[in-house]
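Structural overview for review
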Amino acid sequence: FGRMKPVIVVHGGAGRIFKEREEGSRAGVVRAALRGYGILKQGGSALDAVEEAVRSMEDDPHFNAGCGSVLNEKGEVEMDAIIMDGKNLDSGAVSAVKCIANPIKLARLVMEKTKHMLLTDHGAHLFAQAMGIPETPGEKLITERSRERWKKNLEPDSNPEEFQKDLGTVGAVAIDREGNVACATSTGGLSNKLIGRVGDTACIGSGGYADNRSGATSTTGHGESIMKVVLARLILYHMEQGMSPEMAADTALDYMKTRVGGLGGVIVVSNSGEWAARFSTKQMSWATVKDDQLHYGIYAGERHTKSVDEAHVSESEGY
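Please read these numbers as outputs of a predicted model, since none were measured by experiment.

A few words now on the overall build of the chain. From N to C terminus, the chain includes eleven helices and 13 strands. Rg of the C-alpha trace for the chain: 18 Å, near the compact-globule value of 20 Å for 319 residues, within the 12% margin. Dimensions of the chain, computed from C-alpha atoms along their principal axes, come out at roughly 55 × 45 × 45 Å. Looking at the chain as a whole, 58% of its 319 residues are labelled buried. Counting only contacts in the chain whose residues sit at least 6 apart along the sequence, the fraction spanning at least 24 positions is 65%. For the chain, the exposed surface amounts to about 13100 Å²; the carbon and sulfur share of it is 51%. Looking at charge distribution, the chain has the averaged site of its 37 positive side-chain charges lying 1 Å from that of its 43 negative ones.

Buried residues dominate helix 9 (residues 231-240), accounting for seven of its ten residues. Residues of helix 9 that are buried: Leu231, Ala232, Leu234, Ile235, Leu236, His238 and Met239. On its buried face, helix 9 is in contact with strand 7 (208-211), strand 8 (215-221), helix 8 (223-229), helix 10 (245-260) and strand 9 (264-270). Backbone geometry just after helix 9 places Gly242 at a positive phi near 105°.

Right, let's talk about the UniProt feature "active site" (unreviewed entry) in the chain for a bit. This chain's UniProt record puts "active site" (unreviewed entry) on Thr169. Looking at where Thr169 falls in the secondary structure, it is placed in the loop between helix 7 (160-163) and strand 5 (170-175).

A few words on the pattern of salt bridges. Working definition: two side chains of opposite charge can pair if their charged atoms are close together. Inspection of the entire model under this criterion finds 20 salt bridges. A salt bridge links Arg197 to Glu224; its shortest N-O distance comes to 2.9 Å. Pair noted here: Arg197 is in the loop between strand 6 (181-187) and strand 7 and Glu224 is in helix 8, with a separation of 27 residues, a long-range link. Residue classification places Glu224 among the partly exposed residues on the basis of a relative accessible area of 26%. A network of salt bridges, in which partner residues are shared, links Lys19, Glu22, Arg26 and Glu302.

Our next topic: the UniProt feature "binding site: substrate" (unreviewed entry) in the chain. Residues given the UniProt feature "binding site: substrate" (unreviewed entry) here are Arg197, Val198, Gly199, Asp200, Thr220, Gly221, His222 and Gly223. Along the chain, Gly199 turns up in the loop between strand 6 and strand 7. Judged by its relative accessible area of 1%, Gly199 is buried. Positionally, Thr220 belongs in strand 8.

Read from one edge of the open sheet, nine strands run 4-3-2-6-5-1-11-12-13, paired in mixed fashion. The outermost strands of the open sheet, each flanked by one partner alone, are strand 4 (118-120) and strand 13 (304-307). The mean inter-strand angle of the sheet, taken between neighbouring strand axes irrespective of direction, is 10°. Where strand 1 (residues 7-15) meets strand 11 (residues 283-290), seven bridges bridge the pair, whose relative direction is antiparallel. Paired with Val7 across the strands is Lys290, a residue of strand 11. Against the sheet, helix 1 (residues 19-41) touches strand 1, strand 5, strand 11, strand 12 (293-299) and strand 13, its axis set at about 25° to strand 11. The strands touched by helix 3 (residues 103-113) are strand 2 (79-85), strand 3 (90-97), strand 4 and strand 6; relative to strand 3, the strand with the most contacts, the crossing angle is about 135°.

Cut-offs used in this document
- Residues numbered from 1 in each chain as written.
- Predicted model: local features only at pLDDT ≥ 70, side-chain atom pairs only at ≥ 80, totals over all residues.
- Heavy atoms only, no water.
- Helix = DSSP H or I, 4+ residues; strand = E, 2+ residues; numbered from the N terminus.
- Rg over C-alpha atoms; globule rule 2.2 N^0.38 Å.
- Buried < 20%, exposed > 50% of the residue type's maximum accessible area, 1.4 Å probe, protein only.
- Contact = heavy atoms within 4.5 Å.
- Areas by Shrake-Rupley, 256 points an atom, 1.4 Å probe, with all protein chains shown as cover.
- Lys, Arg positive; Asp, Glu negative; His and termini not counted.
- Charge placed at Lys NZ, Arg CZ, Asp CG, Glu CD.
- UniProt positions renumbered as here; feature names shortened; annotations may be inferred.
- Salt bridge = Lys/Arg side-chain N within 4 Å of Asp/Glu carboxyl O.
- Pairing = 2+ DSSP bridges.
- Axes fitted to C-alpha atoms, helices over the stretch in contact; angles between N-to-C directions.

Structure follows, in structure tokens:
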């Protein structure tokens, strides 16, 4: 034990990333990956690493999770999140939660402090209160950009579908020194969604899945399509059949596209420490750290590499 090389992979959502937001998205996933890796490097658990990486992106207004989440039809933020432990298949999730800065923290508490796996809406709110999680006024989570987009989508000639291409769920997967894997995913959902809509993120096997026997994966993209094919579990199934993470991811994404016309992206880590970040959308911001090397990108075929030390320096100087 304690012989595995730790690996973390994060994504900041698949879809279309507008030019003026590219730099912020890149910096955000890199920061999240470095934070998660810092925990793994000190011998911390995969679970702590993915929670910290996702929390970092929830706090970053560039992503559709936590602060910066998109608004539902009524102009409110409703968020979903899930976390899963590959050791014993324990999982915790929350759906349609409001007025909480970090839904991923609440999902972790659902996993560790209740006998349940998924709490929703009002019940999740009561549980958060019982756990002493401070309430964040809904306004605090709403950015100018989310409000602008919401208004645009309300116009009679608007096509919200057009905007859905810029999705921005966030997620992380990791393997720690003990060889345990974990996944975490968090989102504000679809812009102008119906009140009470829950997508794939909070659903085990769709928004994420982790099992030490194969690996861990976190997904992003069109939630309803992801749920139809149970995307996260499907990828691990392909790996159980002997496929590499990259092959398994591509095969599953291709199936989702041909079978239900859905686009998305995934990050994967296998129980042997192999990783992949693949997407069928135009873009997906992603970053990974393995062997003290940071890799990151947004476009298909794009991959920058830096040493972790180099990355920490450029982070403190800004990109």
